[in-house]
Structure formats: C-alpha cells, structure tokens
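Tertiary structure, described
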Amino acid sequence: MISLAPMEGITTYVYRNAINRHFGGIDKFYTPFLTASHLKGRELRDTLPDNNEVDTLIPQVLVNDSDLFITIAKQLEDLGYTEVNLNLGCPSGTVTSKGRGAGFLDHTDQLDRFLDEIFNSSPISISIKTRIGMEFISEWEDIADIYSKYPVKELIIHPRVGKEVYKGSAHTDIYAEMISYLKDKMPETVFTYNGDIISPESLQKIKENIKASGAPIDTENIMIGRGLIADPSLAALIKTGKNPDNFRKRFIAFHDELLTGYEKEMNYEDQVVKKMKELWVYLAKGLSVPDKTLKAILKSDSIVSYRNNFQMVRL
C-alpha cells in the first residue's frame, strides 16, 4: 500500500487527479490539512468528492481543540467520508508554536485528553500521522502509550522528532522499536512508515535497516511525500520495478493538466506561476534538471514566460 503524504499548497485535488491519471501507483491520498470550523472556499473545493478522481481520499485535520475536530469531522461525514486523519507530525514552526502538529506531542496530558474526547465523539474513524516526539527521541514511548489507549485505524509514523524537521536521517531503529512495542497493544491498527523514501533503493535500505533491528515488522505500508513530488513516477516504479513507458509523454501531459487546472482554480496569473515554480523546486531534483534551466523557470514572471522556459527542460 503506497500513500501520498499531504503537502500544504501542493497536493491539492488538481495535483492528486493529475498524478493519479498520468502515473498511478498510489493507493491512498490525503488532503492538505483542514483547520477551519466550516468547510468553504479552497478547503471545500479540495474535499468535495466531485472534484476528486481518486479511489481513496482521506481528509487530514490539523487542530488541537476537540470541539473543532468534531465539528469538522461531522462536515466530512456529511460529504460521505468515513475516515479523518489527525496531523500530529507537521514540524513547521508556525504550527508547533501553537501546540498543533508535532508541537502537540510536547503536551502529553493535553494530547491524551484531546484524543479521549475525539475518539468518544467522532462520527467517523480516526487515523493519525505522527512524529516520534517534539524535542527528544526518548519521548516516543510516552507517546506510544497514549496512542495504545485508542482505536486508531492507521498510525503513520515519521521517525524524526519535530525539531529535526527533515534534517539528518529518519530513525528507522526507533520506528522498529515503536511498532514492536505497539503491535500487540493495537492489534487492529495498520502501521505505516513515512520518511526519506526517494527511490526504490532508498526504500530497500530502509527495509533492511528495520529488519536489522530484529523487529518482525511488515513494511509494505508506506507513505511518500517529497520523493513523489520530485518524481511523480516513483510509486509506479516501486510497484513494478521499472519506469513507466513513455515517461516524457506522460510527464508533459501531467504538467499541462496541472498548469491548466491551476489556471482554472486560481484568480491571478502570478498565483499560477508561483505554484508551478514551487513544484519545480522538487521536480528539479527528481528529474536532474540543470541549475541553469531551474533558474530560468524560477525567474518566470508570467504564464507565457513560464511556458517558454519549460521548453528548456529535457526529459
């Protein structure tokens, strides 16, 4: 099972539909986090089933108020959703400083009360995306003890602490310890690995590291974020062991659908160009785009200039 990690401002319904149509290989998608008490505007468009052409989509919520969580969950139920994902992993300073995302892990008593309240009142199932702590690796066991009290449908673990953001390497040994500790306590929960998967080779190395820890853990459930944004064919490559046929043709169709979709979704031309440039910061790594070409793309100040600079890309 391969999931696409939600990335704020990037993995919207326009992106999800395009990558699913032209590359495939992704079994489960998540919306970028929802925070408002009433779904409207961009958040509503992103969650509307009619806008999403993927088989499995799970909305993600980033809040630390149980009443707000339940309010959002009820609206999601009205839209036909049967599961909501709680974000306890976002390491952004603007999020953690408010005690949300990974920052909530620093307040274990409050977190325990919050989980008790939402699991008792949510009309739909709850999954969790988490880090192993906020400040110290040693926090993982206290956090695991809290999760073990609740019927978490799926626990997605990024084995870094919040303050590490994405620096260094993920602590695969701690992931193995955490799952070994929890698997008997949470027999109905699906466990999913997330972090540092950028190629089939990197995934194989992660699996070897987990196995070397001595933990008999199923690592077939994975979530990929930055790696898939950099190379939209990665999920299909992992599943089939080979690059999709006609990569250039697929990528151009994928790219053009994104551009057209953003033009329809956004009000201003500069917003569309900014969105495409944001994607190219990742794509340039996955596609090995020369610095000169990337710089030209990032200097684009209109859709016309962007299209001209895109012609420089050699796939």
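So, here's what we can say about the structure. (Residues numbered from 1 in each chain as written. Predicted model: local features only at pLDDT ≥ 70, side-chain atom pairs only at ≥ 80, totals over all residues. Heavy atoms only, no water.)

1. Digging into the layout of surface pockets
Of the volumes computed, that of the largest pocket is approximately 650 Å³. Together, 31 residues line the largest pocket, and Pro6, Met7, Tyr166, Gly225 and Arg226 are the ones closest to its centre. Of all the secondary-structure elements, those providing two or more residues to the lining of the largest pocket are helix H4 (93–96), strand S6 (125–133), strand S9 (222–224), helix H9 (226–230) and helix H12 (269–286). Looking at the lining of the largest pocket element by element, the count peaks at three residues for H9. Taken together, the residues that form the lining of the largest pocket break down as 15 nonpolar, 10 polar and six charged. (1 Å grid on protein atoms, 1.4 Å probe; cavity = no way out; pocket = protein on both sides within 12 Å on 5 of 7 lines; lining within 4 Å. Points joined across faces, edges and corners; volume = space filled by probe spheres on them. Helix = DSSP H or I, 4+ residues; strand = E, 2+ residues; numbered from the N terminus. Nonpolar A, V, L, I, M, F, W, Y, C, P; charged D, E, K, R; others polar.)

2. Details of the packing of aromatic side chains
Applying the stated criterion across every chain yields a total of 13 aromatic pairs. Relative to Phe254, the ring of Tyr15 has its centre 5.7 Å away and its plane inclined at 80°; by these criteria the two rings are edge-to-face. A residue pair is termed long-range when its members are at least 10 positions apart, and Tyr15 in helix H1 (residues 13–22) and Phe254 in helix H11 (residues 247–265) qualify at 239 residues. A relative accessible area of 2% places Phe254 in the buried class. Ring plane angle 90° and centroid distance 5.6 Å describe the contact between Trp140 and Tyr181, whose orientation is recorded as edge-to-face. A residue pair is termed long-range when its members are at least 10 positions apart, and Trp140 in helix H6 (residues 140–147) and Tyr181 in helix H7 (residues 172–182) qualify at 41 residues. Exposure remark for Tyr181: the relative accessible area of 24% places this residue in the partly exposed category. Taken together, the ring pairs in this structure connect Tyr15, Phe23, Phe247, Phe251, Phe254, Trp280, Tyr306 and Phe310 into an aromatic cluster. Lys185 extends its terminal NZ or CZ atom over the ring of Tyr181, reaching a point 4.8 Å from the ring centre. (Phe/Tyr/Trp six-rings, centres within 6.5 Å; stacked < 30°, edge-to-face > 60°. Buried < 20%, exposed > 50% of the residue type's maximum accessible area, 1.4 Å probe, protein only. Lys NZ or Arg CZ within 6 Å of the ring centre and 35° of its normal.)

3. Side note on the sheet that holds strand S1 (residues 2–4)
Pairing in this open sheet of nine strands is parallel, and the strands run S3-S2-S1-S9-S8-S7-S6-S5-S4 from one edge to the other. The sheet terminates laterally at strand S3 (57–58) and strand S4 (60–61), the two strands that pair on one side only. Two strands pair when backbone bridges link them, and strand S8 (residues 190–194) and S9 are joined in this way by two bridges, in the parallel orientation. The partner of Asn194 across the bridge, within S9, is Met223. Taken strand by strand, H1 contacts S1, strand S2 (28–30) and S3, and its axis lies near 165° from that of S2. (Pairing = 2+ DSSP bridges. Contact = heavy atoms within 4.5 Å. Axes fitted to C-alpha atoms, helices over the stretch in contact; angles between N-to-C directions.)

4. Looking at helix H13 (residues 291–298)
A turn of α-helix holds 3.6 residues, and therefore any two residues three or four places apart point the same way. Within the span of H13, buried status applies to Thr293, Leu294, Ala296 and Ile297. Projected down its long axis, H13 carries its buried residues within an arc of 160°, all on one side. Across from the buried face of H13, at angles greater than 90 degrees, the exposed residues are Asp291, Lys292 and Lys295. Taken together, the buried residues of H13 touch H12 and helix H14 (303–310). (Arc of directions from axis to C-beta.)

5. Topic: the pattern of salt bridges
The final tally for this structure, using the stated rule, is 14 salt bridges. Between Lys153 and Glu83 there is a salt bridge, with its nearest N and O atoms 3.3 Å apart. Here Lys153 is found in the loop between H6 and strand S7 (154–161), whereas its partner Glu83 is found in strand S5 (residues 83–88), with 70 residues between them in sequence. With a relative accessible area of 8%, Glu83 lands in the buried category. It is possible to trace a salt-bridge network through shared partners that takes in Arg21, Glu53 and Glu257. (Salt bridge = Lys/Arg side-chain N within 4 Å of Asp/Glu carboxyl O.)

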